[in-house]
Amino acid sequence: MRTADICVLAVADCFRGDGELLANPIGTIPMIGGRLARATFEPDLMMTDGEAMLVADDRAFFGADDPRTIEAYNPYRAMFDVVWSGRRHVMMGASQIDPYGNQNFAAIGADYAKPKVQLLGFRGAPGNTINDTTSYWIPNHSTNVFVEHVDVVCGIGYDRAAALGPRAARFHELRRVVTNLCVLDFESDDRRMRLRSLHPGVTVDEVVAATGFALVVPDDVPETPVPTDEELQLIDEVIDPDGLRYTEVKS
Amino acid sequence: MTAPRDKVLREDDVVAELRSGMTIGIGGWGSRRKPMSIVRAILRSDLTDLTVVSYAGPDLGLLCAAGKVKRAVYAFASLDSIPLEPHFRVARQAGVIEDEPYDEGLFLLGLQAAAWRVPFLPTRVGLGSDLLMHNDRLRTVVSPYDDGETFVAAPALELDAAIVHLNRGDARGNGQFLGPDLYFDDLFLRAATGNRFMSVERIVPTDDLTKEGSFHTLRINRVMVDGVVEAPNGAHFTSCAPDYERDEAFQREYAKSAASPEAWDAFRAEWIDIDEAAYQRKVQER
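As the structure is a computational prediction, the values presented were derived from the model and not from experiment.

Caption draft 1: Structural detail: the overall build of chain B. Looking only at helices and strands, chain B features 11 helices and 12 strands. Since a compact globule built from 286 residues should have a radius of gyration of about 19 Å, the 19 Å found for chain B is in line with a globular shape. For chain B, the spread of C-alpha atoms along the three principal axes comes to 60 × 55 × 30 Å. In chain B, the proportion of contacts linking residues at least 24 apart, taken out of those at least 6 apart, comes to 74%.

Caption draft 2: Spotlight on the overall build of chain A. Of regular secondary structure, chain A possesses eight helices and 13 strands. The buried share among the 251 residues of chain A stands at 50%. A sequence separation of at least 24 residues applies to 66% of the contacts in chain A between residues at least 6 apart.

Caption draft 3: Molecular detail of the interface of chain A and chain B. If you look at the interface, chain A gives 33 residues, while chain B gives 36 residues. Those elements that place two or more of their residues in the side of chain A that touches chain B are α3 (76-84), β9 (117-118), α4 (125-131) and α5 (158-164) of chain A. For the side of chain A that touches chain B, the class distribution of residues is 23 nonpolar, five polar and five charged.

Caption draft 4: How the structure looks around the environment of A:Ala52. With respect to the secondary-structure elements, A:Ala52 resides in the loop between β2 (47-48) and β3 (53-55). Overall, A:Ala52 belongs to the buried group, with 20 C-beta atoms counted inside 10 Å. In this structure, the C-alpha to C-alpha distance between A:Ala52 and A:Ser251, residues 199 residues apart in sequence, is 33 Å. In this structure, A:Ala52 is in contact with A:Tyr73, A:Asn74, A:Pro75, B:Pro180 and B:Asp181, ignoring residues within four places of it in sequence.

Caption draft 5: The sheet that holds strand β8 (residues 150-155) of chain B, seen in detail. Residue and element names in this part refer to chain B. The three strands lie next to each other as β6-β8-β7, forming an open sheet whose pairing is antiparallel. Every interior strand has two partners, whereas the edge strands, β6 (120-123) and β7 (139-142), have only one. Averaged over neighbouring strand pairs, the angle between their axes works out to 45° when direction is ignored. Note: β7 against β8, four bridges, orientation antiparallel. Across the sheet, residue Val-141 finds its bridge partner in β8, namely Phe-151.

Caption draft 6: Main features of the packing of helix α2 (residues 36-44) of chain B against helix α3 (residues 58-65) of chain B. Residues and elements named next belong to chain B. For the pair α2 and α3, interaxial distance at closest approach is 10 Å and the crossing angle is 10°. As far as their axial angle goes, α3 and α2 are roughly parallel. From α2, Val-39, Ile-42 and Leu-43 reach across to α3, where they touch Asp-59, Leu-62 and Leu-63. Split by residue class, the contact of α2 with α3 holds five nonpolar, no polar and one charged.

Caption draft 7: Spatial organisation of the pairing of strand β11 (residues 196-203) of chain B. Residue and element names in this part refer to chain B. β11 sits mainly inside the fold: six of its eight residues count as buried. Pairing geometry for strand β9 (residues 161-169) and β11, over seven bridges, is parallel. Its bridge partner being in β11, Val-164 is matched across the sheet by Met-198. Inspection of the sheet shows β11 paired to strand β12 (residues 227-230) by four bridges, in the parallel sense. Along β12, the bridge assignment pairs Val-200 with Glu-230.

Caption draft 8: Region of the structure containing the domain arrangement of chain B. Residue and element names in this part refer to chain B. Looking at the assigned domains, one finds that chain B contains domain 1 (8-106 + 157-285) and domain 2 (119-155). Each of domain 1 and domain 2 was reduced to a C-alpha centroid, and the two centroids are 30 Å apart. Each partner contributes to the interface: domain 1 provides seven residues, whereas domain 2 provides 10 residues. Mapped by element, the contributors of at least two residues to the side of domain 1 that touches domain 2 are β5 (98-101) and α5 (104-116). Its residues assigned to classes, the side of domain 1 that touches domain 2 comprises four nonpolar, one polar and two charged.

Caption draft 9: Structural detail: α5(B). All names here are of chain B. When the terminal C-alpha atoms of α5 are compared, their 18 Å separation across 13 residues agrees well with the 18 Å that a helix rising 1.5 Å per residue should span. Among the 13 residues of α5, 11 are classified as buried, and the element is accordingly described as predominantly covered. Listing the buried residues of α5 in full gives Glu-104, Gly-105, Leu-106, Phe-107, Leu-108, Leu-109, Gly-110, Leu-111, Ala-113, Ala-114 and Ala-115. Just downstream of α5, Arg-117 is the residue with a positive phi angle, here 60°.

Caption draft 10: Representation of the pairing of strand β12 (residues 182-185) of chain A in the model. Residue and element names in this part refer to chain A. Side-chain alternation along β12 places Cys-182 and Leu-184 on one buried face and Val-183 and Asp-185 on a second face that is also buried. Joining the antiparallel neighbours strand β11 (residues 173-179) and β12 is a turn of two residues. For β12 and strand β13 (residues 194-198), the ladder comprises four bridges, and the chain directions are antiparallel. Residue pairing in the sheet places Leu-184 in a bridge with Leu-195 of β13.

Caption draft 11: Layout of the packing of α3(B) against helix α4 (residues 86-93) of chain B. Residue and element names in this part refer to chain B. Between α3 and α4, the shortest axis-to-axis distance is 7 Å and the interhelical angle comes to 50°. By the criterion of interaxial angle, the relationship of α3 to α4 is oblique. Our pair here, α3 against α4, has a crossing hand that is left-handed. Contacts from Leu-60, Gly-61, Leu-62, Cys-64 and Ala-65 in α3 reach Pro-86, His-87, Phe-88 and Ala-91 in α4. Tallied by class, residues from the contact of α3 with α4 come to seven nonpolar, two polar and no charged.

Caption draft 12: Geometry of the sheet that holds β11(A). All names here are of chain A. Taken in spatial order, the six strands of this open sheet run β1-β5-β10-β11-β12-β13, and their pairing is mixed. Taken across any chain shown, the strands that pair with only one partner, and hence form the sheet edges, are β1 (22-25) and β13. For this sheet, the mean angle separating the axes of adjacent strands, direction not counted, is 15°. As paired strands, strand β5 (residues 88-92) and strand β10 (residues 133-138) are joined by four bridges and run parallel to one another. When the bridges of β10 are listed, Met-92 appears paired with Tyr-136. Together, β1, β5, β10, β11 and β12 form the strand contacts of helix α1 (residues 3-14), whose direction differs from that of β11 by roughly 175°. Sheet strands touched by helix α2 (residues 28-40): β1, β5 and β10. Its angle to β1, the strand with the most contacts, is close to 150°.

Caption draft 13: Structural context of the environment of A:Phe80. Here A:Phe80 lies in helix α3. Spatially, the C-alpha atom of A:Phe80 lies 8.9 Å from that of A:Gly127, the residues being 47 residues apart in sequence. When residues no more than four places from it in sequence are discounted, the contact partners of A:Phe80 are B:Gly105 and B:Leu108.

Rules used in this analysis
- Think of each chain on its own: its residues are numbered from 1, step by step along the sequence as written.
- Think of it this way: whatever chain is written first is A, whatever ligand is written first is 1, and the rest follow in order.
- Restriction of local features to residues with pLDDT of at least 70 applies here, the model being predicted, together with a cutoff of 80 or more for giving and counting side-chain atom pairs; totals for whole chains, interfaces and linings are based on all residues.
- Helix and strand labels come from DSSP, where a helix needs a run of H or I of at least four residues and a strand needs a run of E of at least two; each type is numbered from the N terminus.
- C-alpha atoms define the radius of gyration in this analysis, and the globule rule sets the expected value at 2.2 Å times the number of residues to the power 0.38.
- C-beta atoms are placed from the backbone for every residue, and two residues are taken to be in contact when these atoms lie within 7 Å.
- Here a residue counts as buried when 20 or more other C-beta atoms sit within 10 Å of its C-beta, as exposed when there are 12 or fewer, and as partly exposed otherwise, the C-beta atoms being derived from the backbone.
- Residue polarity follows a fixed list, in which Ala, Val, Leu, Ile, Met, Phe, Trp, Tyr, Cys and Pro are nonpolar, Asp, Glu, Lys and Arg are charged, and the others, Gly among them, are polar.
- In short, DSSP must find at least two bridges between two strands for them to pair.
- The convention used is that axes are lines fitted to C-alpha atoms, helices contributing only their stretch in contact, and that angles between N-to-C directions extend from 0 to 180 degrees.
- Oblique is the label for any angle not under 35 degrees, not over 145, and not in the 65 to 115 range, which are roughly parallel, roughly antiparallel and roughly perpendicular in turn.
- For every domain, the bounds stem from an assignment made automatically or drawn from a database.
- Here the expected length of a helix is defined as 1.5 Å per residue gap, with one fewer gap than residues.
- With the far helix as reference, a near helix turned anticlockwise by less than a right angle produces a left-handed crossing, and one turned clockwise produces a right-handed crossing.

Below, the structure is given as structure tokens:
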């Protein structure tokens, strides 16, 4: 068992309790984790093929000609209907994320008009976070990503949501942040990011050192659950037979 | 008897209708089904100071690299298999283009508002984010109903011109998408007040459109289109499924040309400063 397998299970657990909605984990390990959730404890989740179809298959990735079971047609325009009607839990990436879960993948640098590093743009982060449950996947937990203040707020965090007031922000929920080191959540008194569990072999000090702000660290931090033999077999043989998860987290 | 309008044009005829300073919407999504043969014609032209409105990919990147862009109106710029658009990054990091960022759904509402001829559409999208700080066109609106909530007013993204690429079309301007997603090509065409141009892989008789695909694929009609260009392989190097996939090797070469001004000059000399027929011949010979 490798770290990537533990991350897959931790991602799957983010979707626990979601029932019948569109689980939209973006990225390699997120896609595998979402499939694992559906194949084991959340059978009613709907998931995309990465493009315009919602598919019933346990397999996470398809070649262009691979057969798949299409449940529904979901082009981009329909996806916005899903998002704005509140029937989605998305898992996005982040180039920067702060203690309240404000997220940035638009640009790095103090001067937005001439950024030091131009990234993707706001993409769908503002709309996702104000309308639906959002989780984040960070494959490279470091002080470059976990920062006290993000340079551009794309996805909104709990402090920004609170400032909007309870009515405007009533659909906002940041559930988890899964990284290659640990699982984080916002289940603290002031909604600052909290250390939820440590992947086996990782210490609190290592996570603290890789995080550029003060985390809420409970007295007892449990270990992140690891996949059972049955879950590992399912991942290995059905969901990700090509082992793409090991290209995203190598250890 | 009056004959029906024949709207068939060449890429250069399209460019002749465009003017410097125009706001031009470009269909497709990322590095998928982009009207690249028309973009290439714009690159070769004297046009400048363009405001480009796009779910952006190499269309925006190439226009930035060629110095055609005054302002980018966009939600992301990506080559899909290469996550970040390299030439757009160069232009942004040099601070040489104006930046008007959107969320991709907010952007959709802006196109929809223009298409419906209303000044804005209300949405929750953008509340609490830095979009309201970095996009100086965005304003909020208070609901006139009892809830009294504040919303973002997605501004109508009115276009002076729109260009899209479809799989099939007829000479009258009916268009057909055969791939997985129409994206927002219909909205780009409806959001433009004029100069609405569609290139297609193949022009077919109207009768043949429903032989190519089911009637559900006939989502562009001639009321939305002023000119049709037949452009086989016209979306190259972006994908145009099911006719062809993205040319990944070519795209990698394009991305590398952002490494230095010299690399861009070499790419430009080889692939931009030639006409479309020569370009397509060279692509075939690769």
